[in-house]
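Here is what each chain is made of, one letter per residue.
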Amino acid sequence: MLPRIVLNSCSKAILLQIRARLKNQVTQLKEEVPGFIPGLAILQIGNRDDSNLYIKVKLKAAEEIGIKATHIKLPRTTTESEVIKYITSLNEDSTIHGFLVQLPFDSENSINTEEVINAIAPEKDVDGLTNISAGKLARGDLNDCFIPCTPKGCLELIKETGVPIAGRHAVVVGRSKIVGAPMHDLLLWNNATVTTCHSKTANLNEEVNKGDILVVATGQPEMVKGEWIKPGAIVIDCGINYVPGECCWRRKVASGVEDGPGWSRTPDLMIPTAPGHPQLIFKNIFNGLHFLEGIPFRARDQNFCFTFIVLLFVLFYVFIFLPFQRLGIEKTDPTTLTDEEINRFARLDIDPETITWQRVLDTNDRFLRKITIGQAPTEKGHTRTAQFDISVASEIMAVLALTTSLEDMRERLGKMVVASSKKGEPVSAEDLGVSGALTVLMKDAIKPNLMQTLEGTPVFVHAGPFANIAHGNSSILADRIALKLVGPEGFVVTEAGFGADIGMEKFFNIKCRYSGLRPHVVVLVATVRALKMHGGGPTVTAGLPLPKAYIEENLELVEKGFSNLKKQIENARMFGIPVVVAVNAFKTDTEAELDLISRLSREHGAFDAVKCTHWAEGGKGALALAQAVQRAAQAPSSFQLLYDLKLPVEDKIRIIAQKIYGADDIELLPEAQHKAEVYTKQGFGNLPICMAKTHLSLSHNPEQKGVPTGFILPIRDIRASVGAGFLYPLVGTMSTMPGLPTRPCFYDIDLDPETEQVNGLF
């Protein structure tokens, strides 16, 4: 059988490509972190010929790619304690980011190899030979340890053949700690069935013949015969055939003429590995990603053909066809690309005026609502106007809340649109090549946080998109886990934040669409004070005492303000779900006021309305509410969504405005009208709508209380959260970066230095 791919004849070219890619990465690092110089140290004890060759290759490669390499040579007579002393100094040297130790085959002072290797700090163990690195590799923690370079290189070359490893029978000949054992672990954790053979293996020829993948990692010449190899197998020989006077690699060509010793026929692929190359690897994956952070920049002023050639050269070794497919190019052979496809691959051609991806900050700062960026001389005049959003408005937060699995999160993060090209085509995080790194950063955040109430009730706290500027719901994953834990007879209470006109509406029309879950009961929380405000009560100013109207009985204000609660009950019933009103009682509320709210709620469509004192009494104070919810869950329901996703964007916004807010109509301002047309053209018109609107009123005006009527809802802009899966119109003056009030809460917060008691938070 002729080979599908033969790489040994071009292994030097591959090595050069790897070095070019690494050189580019190191150069970028130095540009991004002024003064940073990556440092590699090689500590050599003795003067082995093979070590000298190995180290020479390492030093040359390090120099070529811009790594400062230090070669420390110690005599063969060096004692173990002296070696460990040198290792300790390298561990503590901040200019050395990784190092390796070359020991002699024998030592006059009986150096304990295990003691020496394990003295290396795991975060600097670039050879991956410490017990910690080996242990993590053995148990499958591949993203949290160093991997020896030769097995890692073999794995990447196997992957490059395009033949899936999962489910294949892999045979590793050799069991050394440097190559054979880690090669076994790598293949195993890539879902191959692995057999490890060695010099004592009986019927070695039969075992070798079983391998769909064969890795020969021994230093013994002619240990494996060519006729043993299974037809069609992938074969890598990474063992060195030592011949007196020279160090040679087995060679293989398509004709099979230049067979090395013992090879009598051509397998489908044989790859002799070259000496490894220096790598800067960060043990902590998050530190590494943040240290290497940076948005891909493709020069607008550069000739695109030149850019294409450079990118092609850099990316050849790492599956060139993946970036092609990511950009909508289905071809796998770069020589068949058209001029238009080459241009698309080489340059995203982003229109800076269309960039919608904002930086975020978890602090209120009104001065960041509009800023100018790119003013440093290094940015060559590429300035533009941008803004910060509050972190809870980030699309990544919404993705976290709406995702259903790691795979789903990876897909959603990749779909996030950051800008448009000059041709009007969307540019996504996947196009930028950052979605994989984003997924790594979020891989632990996807796990809900398990907490508990003061009475021991389990609570999942997960995700925090605000309902006024995002969809305002806790995560789908937390809901699903909770439902599984409580069982078919249990109850899960999940939050839909802020006013029911925004949080509840988005829960139904966005979260329920993506989760497939259908709620049994809506619990509307109301207070006497809130209804008094909606009834025309005096203005409440943060930091000042409440006006008397809110702490003294006033049934007239309560009844007037009930109009708002009545509308919210109607909104909930519009989705076909029974409603229970929870009247959250304060100590200044009178029984007459509480009874009035409960009676009016039941008269206007609520299944029940219950006084609640859980803030003061805990679970006991919510017992009646729980019983009402239990009864409501048994009542008939017919859940339905508010609008059809296939409707035009403007129509979906209008339905929400008219049916939920009570508006007469909507007005799309020019920017919003333009965005609606752009997103529809780009294929995003069928997404649900997530209104960014004040929670202080049913209308766009926070001063209009009760149930405003006769108003036109202004839509000033529309943004796309394609990864999260919705379009979000900005209503009126709604901002995605809040400002602090006239009297911020921090005036009331302090710490008692003796007791460390925090005061003023509540």
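Positions within a chain are numbered from 1, following the residues in the order the chain's sequence is written. Local features in a predicted model are, by the rule used here, given only for residues with pLDDT of at least 70; side-chain atom pairs are given and counted only at 80 or more, and totals for whole chains, interfaces and linings are based on all residues. Hydrogens and water molecules were not included; the side-chain quantities draw on all heavy atoms of the structure.

**Student:** Honestly, the overall build of the protein in this entry has me stumped. Any pointers?
**Tutor:** The helix count covers DSSP runs of H or I at least four residues long, the strand count covers runs of E at least two residues long, and both are numbered beginning at the N terminus. A count of helices and strands for the protein gives 25 helices and 26 strands. Throughout, a contact is declared for two residues whenever any of their heavy atoms are within 4.5 Å. Sequence separation of 24 or more characterises 68% of the internal contacts of the protein that already satisfy a separation of 6 or more. When the accessible surface of the protein is summed, it comes to about 38,600 Å², and 55% of that surface belongs to carbon and sulfur atoms. Shrake-Rupley sampling with a 1.4 Å probe provides the accessible areas, and residues are treated as covered by the protein chains on show and by no other component.

**Student:** I tried to follow the pattern of salt bridges on my own but got confused; where do I start?
**Tutor:** Oppositely charged side chains can form a pair if their charged atoms are brought close together. Any Lys or Arg side-chain nitrogen located within 4 Å of an Asp or Glu carboxyl oxygen qualifies as a salt bridge. A full pass over the atoms with the stated rule returns 24 salt bridges. Here Glu-114 ties to Lys-177 by a salt bridge, and the two come within 2.8 Å at their closest N and O atoms. Of this pair, Glu-114 sits in helix H4 (residues 113-117) while Lys-177 sits in the loop between strand E4 (169-173) and helix H7 (180-189), and the two are 63 residues apart along the sequence. A salt bridge links Glu-430 to Arg-410, with the shortest nitrogen-to-oxygen separation between them at 2.7 Å. With Glu-430 in helix H15 (residues 429-432) and Arg-410 in helix H14 (residues 406-415), this residue pair connects regions lying 20 residues apart in the sequence. By relative accessible area, Arg-410 is classed as partly exposed at 30%. By sharing partners, the salt bridges in this structure join Glu-650, Asp-651, Arg-654 and Asp-665 into a single network. Partly exposed describes any residue whose relative accessible area lies between the buried limit of under 20% and the exposed limit of over 50%, with all areas from a 1.4 Å probe on protein chains only and scaled to the type maximum.

**Student:** What should I look at first to understand the pairing of strand E17 (residues 449-452) in this one?
**Tutor:** Remark: a regular strand shows side chains that alternate across the two faces of the sheet. One ladder, built from four bridges, connects E17 with strand E18 (residues 458-461); its direction is antiparallel. What sits directly across from Met-451, in E18, is Val-459. Pairing between strands is defined by DSSP: at least two bridges between the two strands are required. Hairpin connection, E17 to E18: the antiparallel pair is bridged by five residues, and Gly-456 has positive phi, about 90°.

**Student:** Hey, could you run me through a nonpolar patch on the surface in this one?
**Tutor:** Patches draw on residues past 30% relative accessible area with no salt bridge. Two like charges within 9 Å are joined, as are two nonpolar side chains (Val, Leu, Ile, Met, Phe, Trp, Tyr) within 5 Å. Together, Leu-740, Phe-746, Tyr-747, Ile-749, Leu-751, Val-758 and Leu-761 give the surface a local cluster of nonpolar side chains, amounting to about 680 Å² of exposed area. As for its placement among the helices and strands, Ile-749 is situated in the loop between strand E24 (726-731) and strand E25 (750-751).

**Student:** Even after reading the chapter, I still don't get unusual backbone geometry, so can you show me in this structure?
**Tutor:** Excluding glycine, residues mostly carry a negative phi; peptide bonds, for their part, are mostly trans. Look at Asn-203: it is not a glycine, yet its phi comes out positive at around 55°. Here Asn-203 shows up in the loop between strand E5 (193-197) and helix H8 (204-209). At Glu-756, a position not held by glycine, the phi torsion is positive, near 60°. Counting through the fold element by element, Glu-756 comes out in the loop between E25 and strand E26 (758-759). Its relative accessible area of 63% is what places Glu-756 among the exposed residues.

**Student:** Whenever I open this one, the nonpolar core confuses me. Can you help?
**Tutor:** What tends to happen in soluble globular proteins is that the nonpolar side chains get buried as a cluster. Throughout this description, the term nonpolar core refers to a set of buried Ala, Val, Leu, Ile, Met, Phe, Trp, Tyr and Cys residues connected via side-chain atoms within 4.5 Å. In this structure, Val-581 and Leu-713 are the most contacted members of the largest nonpolar core, which totals 57 residues. Ignoring anything within four residues of it in the chain, the contact list for Leu-713 reads Ala-657, Tyr-661, Ala-663, Asp-665, Ile-666, Glu-667, Met-691, Ser-699, His-700 and Val-731.

**Student:** Explanation requested: the sheet that holds strand E1 (residues 39-45) in the structure shown.
**Tutor:** Within a sheet, neighbouring strands are paired by backbone hydrogen bonds and run either parallel or antiparallel to one another. The sheet built from three strands is open, its strands ordered E2-E1-E3 with parallel pairing. With partners counted over all chains shown, the strands left at the sheet margins are strand E2 (68-74) and strand E3 (98-102), one partner each. On average, each strand axis in the sheet is inclined to that of its neighbour by 15°, with strand direction left out of account. In this sheet, E3 lies alongside E1 in parallel orientation, the contact comprising five bridges. Bridging across to E3, Leu-40 finds its partner in Gly-98. What counts as an axis is a line fitted to C-alpha atoms, over the stretch in contact for a helix, and the angles between N-to-C directions run from 0 to 180 degrees.

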